[in-house]
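# Structural features, examined
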Amino acid sequence: MDSFIIHGNFVHSKNRFVLEEINDMNLVVLNNKIDGFYKTIPECFKNLEYYDYSDKIIIPGLSDLHVHAPQYQFRGLWMDMELLPWLDRHTFPEESKYKNLDYANKAYDIFVEDLKKSATTRVCAFATIHEEATLALMKKLEAAGLSGFVGKVNTDRNAPDILIEESDVSIKNTLSYIEKSKEFKNIKPIITPRFIPTCSDYLLKELGKISKEYKLPVQSHLSENLSEIEWVKELVPQSKSYADAYNIFGLWGINKTVMAHCVYSYESELELLQNKNVFVAHCPDSNTNLTSGVARVTALLDSGVNVGLGSDIAGGEDISILSAMKNAIKVSKLNKRLSHNNDGSLLFPEAFYLATKMGGQFFGNVGAFIKGYDADIVVLDDSSIKTTLKSELTLKERLEQYVYLKSSDCVFAKFVKGRKIED
Ligand code: GUN
Ligand code: FE
């Protein structure tokens, strides 16, 4: 169990609209959890390890609610297609390489090393259909000190032969990966049907049963692209919406559920998101790169839906959730100006809230400096931003400038569940 003190200036979300600054304070972490802020250190804590980050910006750890680890090698490449041809042309061929464990090890080392240096402390990641490579990724993330979920992907139709599993083999391998991942403490399994087009009704139903029996969360994609939505209507004609296609097979709302994108989730689909308490992973970079459209984030929030941010590597190019914050704000402004709805644009405190306190709820009590929360803490160094205004800026403004200018920089220090991440 780790206990320590961090001295410095802190920013976190009080709620959706309000960022709180806590300046010149000592944050006490006891047994890996946040205890509280103290102006002077009480006698009983005097012997605890002490970190002084006085000139830095200290924020809670960020959550990436949607990332494809096996797509990291082609980040920043090949984004001139929409979703379905992009999957066929680029994504499936790359993911098929993970059958080879040597390739997977090499590629996942690169992914985990970069994730470790980022401001992300929690991930909800897709791996591939390959059990061995998926377990290798889990092992590397655990060894790096990170926390979250990694899904072995399920696919039994509409993909290249090399990425299709026979339905019962897919189920058997999923059960085996669940069993073998018991050795990990901070990285857990998650049920991961890739999306409706690549999963038969039978497979979806069986995965729903596994989620229920093993009390496992579920992740997938929803209403990302117009051609995809049309295809789902043909594939599951009995469903009332794309969302309903997951729901009728028992995949929604039994345990924690997160759906990436939801660009076209209106009316009955929105109602289902609300009723089943489904988290939406908003992925602004991917929405833009794959010309998918823009998720109506403020409308989702106004409807009471939980929203977090996702990098959606390699639909998105940047592993940084600070970058996703910045781009979530930008695309919301385009949505406001260009679409004929009454949506507002996202404010900076709202984007920060999605990345920390709201997205963090998918993992438990994560993403704020509140007593009893897991001590996920990130220290940012803004000394390389030269401006004559520095002494006039509030900590919140320094953070905003950091997000816009330095989102892809390595963090100065990072703690996950109260454990310091070492280089
Ligand atoms: N839908 C199904 N698979 C994928 C994927 O790998 N990336 C994105 N962005 N959408 C998907
Ligand atoms: Fe995705």
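Residues numbered from 1 in each chain as written. Chains lettered and ligands numbered in written order. Predicted model: local features only at pLDDT ≥ 70, side-chain atom pairs only at ≥ 80, totals over all residues.

Now for the sheet that holds strand E6 (residues 120-126). Taking strand neighbours across the sheet as the criterion, the four strands line up as E5-E6-E7-E9 in an open arrangement whose pairing is parallel. Two strands lie at the open edges of the sheet, namely strand E5 (62-68) and strand E9 (187-189), each paired on one side alone. Within this sheet the neighbouring strands show an average axis-to-axis angle of 20 degrees, counted without direction. Across five bridges, E6 lies against strand E7 (residues 147-151) in parallel orientation. Residue pairing in the sheet places Phe126 in a bridge with Gly151 of E7. (Pairing = 2+ DSSP bridges. Helix = DSSP H or I, 4+ residues; strand = E, 2+ residues; numbered from the N terminus. Axes fitted to C-alpha atoms, helices over the stretch in contact; angles between N-to-C directions.)

Attention now moves to the UniProt feature "domain: Amidohydrolase-related" (unreviewed entry) in the protein chain. Here the UniProt-annotated "domain: Amidohydrolase-related" (unreviewed entry) positions come out as residues 57-419. Across residues 57-419 one finds 42% helix and 15% strand; the C-alpha atoms that close the span lie 19 Å apart. (UniProt positions renumbered as here; feature names shortened; annotations may be inferred.)

This paragraph deals with helix H2 (residues 101-117). Compared with an ideal rise of 1.5 Å per residue, which puts 17 residues at 24 Å, H2 spans 24 Å between its outermost C-alpha atoms and is within 8% of the ideal. Every buried residue of H2 is listed here: Ala104, Ala107, Tyr108, Phe111, Val112, Leu115 and Lys116. Summarising the axial view, the buried residues of H2 lie within an arc of 165 degrees, below the 170-degree limit, and thus occupy one face. Of the exposed residues in H2, those oriented more than 90 degrees away from the buried face are Asp102, Lys106, Ile110 and Glu113. (Expected span 1.5 Å × (residues − 1). Buried ≥ 20, exposed ≤ 12 C-beta atoms within 10 Å, placed from the backbone. Arc of directions from axis to C-beta.)

Near ligand 1 the following residues occur: His68, Leu83, Leu87, Thr91, Arg194, Phe195, His221, Glu224, Ser286, Asp312 and Gly315. Among the elements that take part in the shell around ligand 1, helix H1 (residues 83-96) stands out by supplying three residues, more than any other. Of the residues in the shell around ligand 1, the class split is three nonpolar, five polar and three charged. (Near = placed C-beta within 6 Å. Nonpolar A, V, L, I, M, F, W, Y, C, P; charged D, E, K, R; others polar.)

Running from amino to carboxyl end, helix H11 (residues 321-338) crosses helix H12 (residues 348-360) at an angle of 140 degrees, the nearest separation of the two axes being 9 Å. As summarised for this structure, H11 and H12 are arranged oblique, according to the angle between their axes. Crossing of H11 over H12 shows right-handed handedness. Contacts between H11 and H12 involve Ile321, Ala324, Met325, Ala328 and Ile329 from the former and Phe348, Ala351, Phe352, Leu354 and Ala355 from the latter. Considering only residue class, the contact of H11 with H12 consists of 10 nonpolar, no polar and no charged. (Parallel < 35°, antiparallel > 145°, perpendicular 65-115°, else oblique. Left-handed = near helix turned anticlockwise from the far one by under 90°. Contact = placed C-beta atoms within 7 Å.)

Cis geometry is found at the peptide bond from Ile313 to Ala314, where omega equals 0 degrees. Residue position: Ala314 is located in the loop between strand E14 (307-309) and H11. Backbone geometry at Lys215 places phi at a positive 50 degrees, although glycine is not the residue there. Tracing the backbone through its elements, the reader meets Lys215 in the loop between helix H5 (201-214) and strand E11 (218-222). One non-glycine residue, Asn277, lies in positive phi territory at about 60 degrees. Relative to the assigned elements, Asn277 resides in the loop between helix H8 (267-275) and strand E13 (279-282). Residue class for Asn277 comes out partly exposed when judged on the 13 C-beta atoms lying within 10 Å of it.

A separate point is the pairing of strand E12 (residues 257-261). The buried count for E12 comes to five of five residues, which makes it a mostly enclosed element. Across three bridges, the pairing between E12 and E13 is parallel. Within E13, the residue paired with Ala260 across the bridge is Ala281. Note on the crossover from E12 through H8 to E13: the handedness is right-handed. (Right-handed = clockwise from strand over helix to strand, strands pointing away.)

Right, let's get into the sheet that holds E12. Note: strands within a sheet are paired through backbone hydrogen bonds, in either parallel or antiparallel orientation. Across the sheet, which stays open at both edges, the four strands sit in the order E11-E12-E13-E14 with parallel pairing between neighbours. A strand with exactly one partner marks an edge of an open sheet, and here the two such strands are E11 and E14. Mean inter-strand twist for the sheet, computed between neighbouring axes without regard to direction, equals 30 degrees.

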